[in-house]
Amino acid sequence: MLQRVHMPSDLGEAAGLLANDPTAALLAGGTLLMPAVNNEVTPIQSLVSTKRLGLEGIAVEGDRARIGAATRLADVGADPRLAFLHPVIEAIASPPIRNLATVGGNLFAWQPYGDLAVALLALDATVMVAGQQGQREAPVAEIVASGVAAREIVTGVEFAVPTEGSWFFTKAMRRKLNSAAIVTVAAVITVESDAVASARVALGGVGRRPLRAPSVEAALLGKPLDAATVAAAAEHAIDDAEPFSDAYASAWYRARVLPVHIRRAILGE
Amino acid sequence: MASTIVQLTVNGQDAEFLAKPGTTLLMALRENLGLTAAKRGCAQGTCGTCDVIVDGRVVPSCLIPVETIVGAAVETLEGLADGNALSPLQAAFVEGFATQCGFCTPGMLMSATALLAENPAPTRGDVVRAISGNVCRCTGYEAIVDAILDGAARARAASTAAAD
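Residues numbered from 1 in each chain as written. Chains lettered and ligands numbered in written order. Predicted model: local features only at pLDDT ≥ 70, side-chain atom pairs only at ≥ 80, totals over all residues. Heavy atoms only, no water.

Okay, the overall build of chain A next. Along chain A, the regular secondary structure elements total eleven helices and twelve strands. Over its C-alpha atoms chain A spans a radius of gyration of 19 Å, differing by no more than 12% from the 18 Å that the globule rule assigns to 269 residues. Principal-axis analysis of the C-alpha atoms places the extent of chain A at approximately 60 × 40 × 30 Å. A total of 269 residues make up chain A; the buried ones form 55% of that total. Here the analysis covers contacts within chain A between residues at least 6 apart in sequence; of these, 58% occur between residues at least 24 apart. (Helix = DSSP H or I, 4+ residues; strand = E, 2+ residues; numbered from the N terminus. Rg over C-alpha atoms; globule rule 2.2 N^0.38 Å. Buried < 20%, exposed > 50% of the residue type's maximum accessible area, 1.4 Å probe, protein only. Contact = heavy atoms within 4.5 Å.)

So, on to the overall build of chain B. In terms of regular secondary structure, chain B is built from five helices and five strands. Ordered by position from the N terminus, the helices and strands of chain B form the series β-β-α-β-β-β-α-α-α-α. Counting only C-alpha atoms and orienting by the principal axes, one finds that chain B spans roughly 50 × 40 × 25 Å. Counting only residues that meet the buried cut, chain B has 49% of its 164 residues in that class. Long-range pairs, those at least 24 residues apart, make up 56% of the contacts in chain B between residues at least 6 apart in sequence. In the structure as shown, chain B presents an accessible area of about 7400 Å², 52% of it carried by carbon and sulfur atoms. (Areas by Shrake-Rupley, 256 points an atom, 1.4 Å probe, with all protein chains shown as cover.)

All names here are of chain A. Viewed as axis vectors pointing N to C, helix 10 (residues 227-234) and helix 11 (residues 251-267) meet at an angle of 145 degrees, and their least axial separation amounts to 9 Å. Like other packed secondary-structure pairs, helix 10 and helix 11 cross with a definite hand, here right-handed. Along its contact with helix 10, which presents Ala227, Val230, Ala231 and Ala234, the element helix 11 presents Pro259, Ile262, Arg263, Ile266 and Leu267. Broken down by class, the residue content of the contact of helix 10 with helix 11 amounts to eight nonpolar, no polar and one charged. (Axes fitted to C-alpha atoms, helices over the stretch in contact; angles between N-to-C directions. Left-handed = near helix turned anticlockwise from the far one by under 90°. Nonpolar A, V, L, I, M, F, W, Y, C, P; charged D, E, K, R; others polar.)

As a further point, take the sheet that holds strand 10 (residues 183-192) of chain A. All names here are of chain A. Pairing is antiparallel across the open sheet formed by four strands, whose spatial order is 9-10-11-12. Among the strands making up the open sheet, the edge pair consists of strand 9 (167-172) and strand 12 (211-212). In this structure, strand 10 lies alongside strand 11 (residues 195-204), joined through nine bridges in antiparallel fashion. Its bridge partner lying in strand 11, Thr184 is registered against Gly204. Across the sheet, helix 7 (residues 115-122) is in contact with strand 9, strand 10, strand 11 and strand 12; its angle to strand 10 comes to roughly 20 degrees. Sheet strands touched by helix 11: strand 9, strand 10 and strand 11. Its angle to strand 10, the strand with the most contacts, is close to 40 degrees. (Pairing = 2+ DSSP bridges.)

What follows is about the interface of chain B and chain A. By a widespread convention, an interface's size corresponds to the accessible area lost as its parts come together. Chain B puts 27 residues into the contact, and the matching count from chain A is 29 residues. Counting across the interface, chain B meets chain A through one salt bridge. A salt bridge links Arg57 of chain B to Asp75 of chain A; the shortest N-O distance between them is 2.3 Å. Run the count over chain B and chain A and you get seven residue pairs in polar contact (both at pLDDT 80 or more). Elements that contribute at least two residues to the side of chain B that touches chain A include exactly strand 4 (57-60) and helix 4 (124-130) of chain B. (Salt bridge = Lys/Arg side-chain N within 4 Å of Asp/Glu carboxyl O. Polar contact = N/O pair within 3.5 Å; in protein donor to acceptor, adjacent residues only side chain to side chain.)

A few words on the packing of aromatic side chains. Residues and elements named next belong to chain A. Tallying each qualifying case throughout the model produces three aromatic pairs over all chains. The interplanar angle of 80 degrees and the centroid separation of 6.3 Å between the aromatic rings of Phe84 and Phe159 together place this pair among those described as edge-to-face. Note that Phe84 is positioned in the loop between helix 3 (73-77) and helix 4 (86-90) and Phe159 in strand 8 (residues 153-160), a separation of 75 residues in sequence. By the burial criterion, Phe84 is buried, and Phe159 matches it. Aromatic pair Phe84 and Trp167: ring centres 5.1 Å apart, planes at 85 degrees, arrangement edge-to-face. Here the residue Phe84 occupies a position in the loop between helix 3 and helix 4, and Trp167 occupies one in strand 9, the gap between them amounting to 83 residues. Exposure class is identical for Phe84 and Trp167. Each is buried. (Phe/Tyr/Trp six-rings, centres within 6.5 Å; stacked < 30°, edge-to-face > 60°.)

Residues and elements named next belong to chain A. Of all ten residues in strand 10, seven are buried, a share of seventy percent or more. Two strands pair when backbone bridges link them, and strand 9 and strand 10 are joined in this way by six bridges, in the antiparallel orientation. Looking at strand 10, one finds that Ala172 is bridged to Val183. Following strand 10, the chain reverses through two residues before pairing antiparallel with strand 11; Ser193 in that reversal takes a positive phi of roughly 50 degrees.

Residues and elements named next belong to chain A. For Val118, the location among the structural elements is in helix 7. With relative accessibility at 0%, the residue Val118 sits in the buried group. Separated by 66 residues in the primary sequence, Val118 and Thr184 have C-alpha atoms spaced 7.6 Å apart. Filtering out sequence-adjacent residues up to four positions away, Val118 remains in contact with Gln111, Thr184, Ala186, Ala202, Leu203, Gly204 and Pro210.

Remember, this is a structural readout, not a statement about activity or role.
Structure (structure tokens):
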């Protein structure tokens, strides 16, 4: 049962509150945390709100984009400078949830949720983290794999906006709107002289956390980005995936359709 | 476990009350302010029947500790009608038989109100997207989508008439 809601106005104070109280949890949008507080037996007794920490906002300079951790998903989905991310945001939950849920919080959504984290993995984003000892930066792959320390606070993400034609995304769902991932595919693929020069492919829904697909990436590199290459590369995806069964799909089904959705994402089928 | 004095503007009126730690906006509306239109459905942000508008955005009130939004402007279903005169959306819901048991209706109307504030002439697809977080187990949604489109047309007609 909650005993206290803190509203710190600087990061040091917030980190201190988290450090000194093992029953404290950081509250951003609340779309993942508050259901547990409302409905479950939880050890959480106090909440530390990000509201007054000044972590909201989107800055784009040249090809670099920086998004504050407490920025609402709806604000990313409405920013014309980040149009390539709009399909990702639209694929997540519903408008009221997107009006609360934050970019930082999405990094900690368990699969088959957390589609923005899958996109950030494909973008090879850098995550800014504040702790009592100051700021550090970490690759998003590290954050989605092992989280942050209990006393740390994610303050933002930074990434290069992909060049025209190099961004690919698809999310297979049970319904067209407001459903979790059966398979999510996000990729940044560049082509030079008719051959794939770089490829980062990230998957959601087929592992307990967002996963990179190095086998698929390796099979794309150096080849023309055509149907035959992509179809062959997509067959390797299962080597990188750890599909699971849940209410949305079985592990068998996810494994079966994974290559299909990689083809659809990259070839626009 | 000290309570906090919370001030909000609710449907244009100042409201002030004492909230225990962790009181959600939903519980504050229902229990402190006696505004019972917003319902407690799932209490996890999935069903949409607690949706209200906070500072212009439709949000599930069950997920917001009220102490974190001190000073906010909150709009609920109770604020839509002008005395006995229903809002265009409410009138369209009544005449279009868009409510059955009525449990989802407050959230449906707040999602629809937020949609029309942003987009007075929505397409059917826009309406479906706007209510994609509002679960209705009675109607099959078609009557609700029709009513929101009708309500939008009524609101446009009313604002054109007012402009003349």
